[in-house]
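Examining the three-dimensional arrangement
So you can see what is in the structure, the chains are spelled out below.
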Amino acid sequence: MAKTKTAFYCQNCGTSFSKWQGQCTSCHNWNTIVEEIIQKEEKKSWDISGSTKNRTAKPTKISEIETSQEARLKTTSNEFNRVLGGGIVPGSLVLLGGEPGIGKSTLLLQLALRLPFKTLYVSGEESMQQIKMRAERITRNSDLCYILTETKTQNIFKQIEVMTPDIVVIDSIQTLHTDFVESSAGSISQIRECTSELIKFAKETSTPVLLIGHITKDGHIAGPKILEHMVDTVLQFEGDRNHIFRILRSLKNRFGSTNEIGIFEMLGNGLREVNNPSEILLSKNTEQLSGNAIAVSLEGMRTLLVEIQALVSTAVYGTPQRSSTGYNAKRLNMLLAVLEKRAGFRLGAKDVFLNITGGISVDDPAIDLAVIAAIMSSNEDIVIDKDICLAGEVGLSGEIRPVNKIDQRILEAEKLGFRKILLSKHNKIAVKNTNIKLILVSKIEDVVSELLG
Ligand code: TYD
Ligand code: MG
């Protein structure tokens, strides 16, 4: 029996130390260093067949390396394909992160059930019966989808040898453990070792592996940062659990752009793809109310029309409250100061509540204009015409600044039947002959006079 070896790892950044210390010298976090048992052995897990033992790589001229452009495995989900840049690349490792309960297992199980390939879905979190129940909710049956409830990588590889799947799904990387490391499942050294075994397997057999990863309370994928470096693609599944919308975003993609997003709706029978998000996000209120404004925002490459709601009321308690859902609270405070200073709105003693409907959050600065419009509208109790939408960034001196991809925004607004769009005067607009009227503004005062008359 080899002597047990231990090392100390920072649970936040994965740096290893030879002895314990209170603060990680690498990421400066306190109390994150934990002792883990490691045991080095010569033999590695993905060698069971012995087929790889004597294989050594040879240098090859780059001109002689064959690529197969169209080799991506297309899933039946357009949104998923889009985020991956056209489909799953053979031999790649895709990591899917997201909050507990957001729908990661549902997304990948649904994908596995609908794939036209032999798929192995390995779960370390749920029993076969639980997975079957979930599959029944999704109401799809498949003869090509195999379920394995196992957490030891050596056993998983044994089963893979037998059934030779075309694609492997692992739910989740934090539940796996390998014999070659003795610390508990979910620890830094286990995650690192299991991932590198899976990478080796994926690269040698050209089988893609989809991994589910948990995230920590501050939103990062649990485990060492190195995990994100090791895999080819990192996807994030996000949304508000109390709302039905889910956004699939790619944070890293070695084989495509990270600008694409996929939009899903969580229904009683699984996830449904949303191809026309704007139409769904806009409420179908026929009654017009003050405090509502429509912003033309951009998420990745896609235009999304979102409805901004503001409520401005006199503060009944000492300190006025400011609260915002789906929009940066600091930015809201900044816009309130701009409205106060540059447009003469007295908001100092008012409560201001802001909400982006649909439970999504938007970072695009182009929604600033709609935010101030909604606040003005609620404050003055004047309704903004529902044929108007807005896209512009607001600067500190009250100037309305241009935003990117303005043509795309104009065309989307026109497509959805808006008749007027408020924009910065300084945008370089290329589209011509549109049916939508462009209202160009340069200062916050212009916005006031356009909307409130
Ligand atoms: P789940 O995929 O288990 O989340 P994760 O793996 O990210 O932790 O999703 C669970 C949630 O999704 C749960 O709250 C129930 C809901 N759900 C539906 O609304 N409809 C469905 O068809 C399914 C399968 C789950
Ligand atoms: Mg799950």
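What you see is a predicted model, and the numbers here were worked out from it, not measured in a lab.

The next subject is the site of ligand 1. Of all residues adjacent to ligand 1, which total 15 residues, the nearest are Gly101, Ser105, Thr106, Leu267 and Gly270. At 2.6 Å from a nitrogen atom of ligand 1 is found a main-chain nitrogen or oxygen belonging to leucine 267. Separating an oxygen atom of ligand 1 from a backbone N or O atom of glycine 270 is a distance of 2.6 Å. Coverage of ligand 1 by the protein amounts to 76% of the 560 Å² it exposes when considered alone. Going through the elements one at a time, α2 (104-114), α3 (128-138) and β11 (261-267) are the ones with two or more residues in the shell around ligand 1. For the shell around ligand 1, the leading source of residues is α2, giving three residues. Taken together, the residues of the shell around ligand 1 sort by class into four nonpolar, seven polar and four charged.

Taken together, the three strands give an open sheet; going across it, the order is β2-β1-β3, and neighbouring strands pair in antiparallel fashion. Sheet topology places β2 (16-17) and β3 (33-38) at the edges, where each strand pairs with a single neighbour. Pairing analysis gives six bridges linking strand β1 (residues 5-10) to β3, with the strands arranged antiparallel. Bridging across to β3, alanine 7 finds its partner in glutamate 36. Packed onto the sheet, helix α5 (residues 188-205) meets β1 and β3 and runs at close to 95° relative to β1.

A word on unusual backbone geometry. The residue after aspartate 171, namely serine 172, is reached through a cis peptide bond having omega 5°. Summarising the element assignment, serine 172 is placed in the loop between β7 (167-171) and α5. Unusually for a residue other than glycine, threonine 164 sits at a positive phi of about 40°. Take threonine 164: it is sitting in the loop between α4 (153-163) and β7. Non-glycine residue lysine 405 carries a positive phi angle of around 50°. Of note, lysine 405 is situated in the loop between β19 (400-401) and α10 (406-415). Accessibility expressed as a relative area gives 37% for lysine 405, which makes it partly exposed.

With that out of the way, let us pick up the side chain of serine 183. Assignment of secondary structure puts serine 183 in the loop between β7 and α5. Here the side chain of serine 183 touches serine 187 through a polar contact of 2.8 Å, side chain to side chain. At 3.1 Å, the side chain of serine 183 forms a polar contact with the side chain of serine 189. When neighbours within four sequence positions are excluded, serine 183 is seen to be in contact with Glu36, Ile37, Ser189 and Gln190.

Taken together, the buried positions of α3 are occupied by Ile131, Ala135 and Ile138. Down the axis of α3, the buried set is contained in an arc of 55°. They therefore lie on one face. Counted as exposed and oriented over 90 degrees from the buried face of α3: Gln129, Met133 and Arg137. Buried residues in α3 make contact with α2, β5 (119-123), β6 (145-149) and β12 (270-273). The first or second residue beyond α3 is threonine 139, which carries a positive phi of 50°.

Bringing empty space enclosed by the protein into the picture now. With the rule as written, the count across this model stands at two cavities of 30 Å³ or more. The volume enclosed by the largest cavity comes to roughly 40 Å³. Around the largest cavity sit Arg72, Leu84, Gly87, Ile88, Val89, Ser92, Val94, Thr233, Asn253 and Phe255, which together line it. When its residues are assigned to classes, the lining of the largest cavity shows five nonpolar, four polar and one charged. Space inside the second largest cavity adds up to approximately 30 Å³. Within the residue set of the lining of the second largest cavity, elements represented by two or more residues are β10 (245-253) and α7 (277-281). Along the lines of polarity and charge, the residues of the lining of the second largest cavity split into seven nonpolar, no polar and no charged. Counting contributing residues, the lining of the second largest cavity receives three or more from each of domain 2 (74-273) and domain 3 (280-452).

Rules used throughout
Residues numbered from 1 in each chain as written. Chains lettered and ligands numbered in written order. Predicted model: local features only at pLDDT ≥ 70, side-chain atom pairs only at ≥ 80, totals over all residues. Heavy atoms only, no water. Near = heavy atom within 4 Å. Polar contact = N/O pair within 3.5 Å; in protein donor to acceptor, adjacent residues only side chain to side chain. Areas by Shrake-Rupley, 256 points an atom, 1.4 Å probe, with all protein chains shown as cover. Helix = DSSP H or I, 4+ residues; strand = E, 2+ residues; numbered from the N terminus. Nonpolar A, V, L, I, M, F, W, Y, C, P; charged D, E, K, R; others polar. Pairing = 2+ DSSP bridges. Contact = heavy atoms within 4.5 Å. Axes fitted to C-alpha atoms, helices over the stretch in contact; angles between N-to-C directions. Buried < 20%, exposed > 50% of the residue type's maximum accessible area, 1.4 Å probe, protein only. Arc of directions from axis to C-beta. 1 Å grid on protein atoms, 1.4 Å probe; cavity = no way out; pocket = protein on both sides within 12 Å on 5 of 7 lines; lining within 4 Å. Points joined across faces, edges and corners; volume = space filled by probe spheres on them. Domains from an automatic or database assignment.

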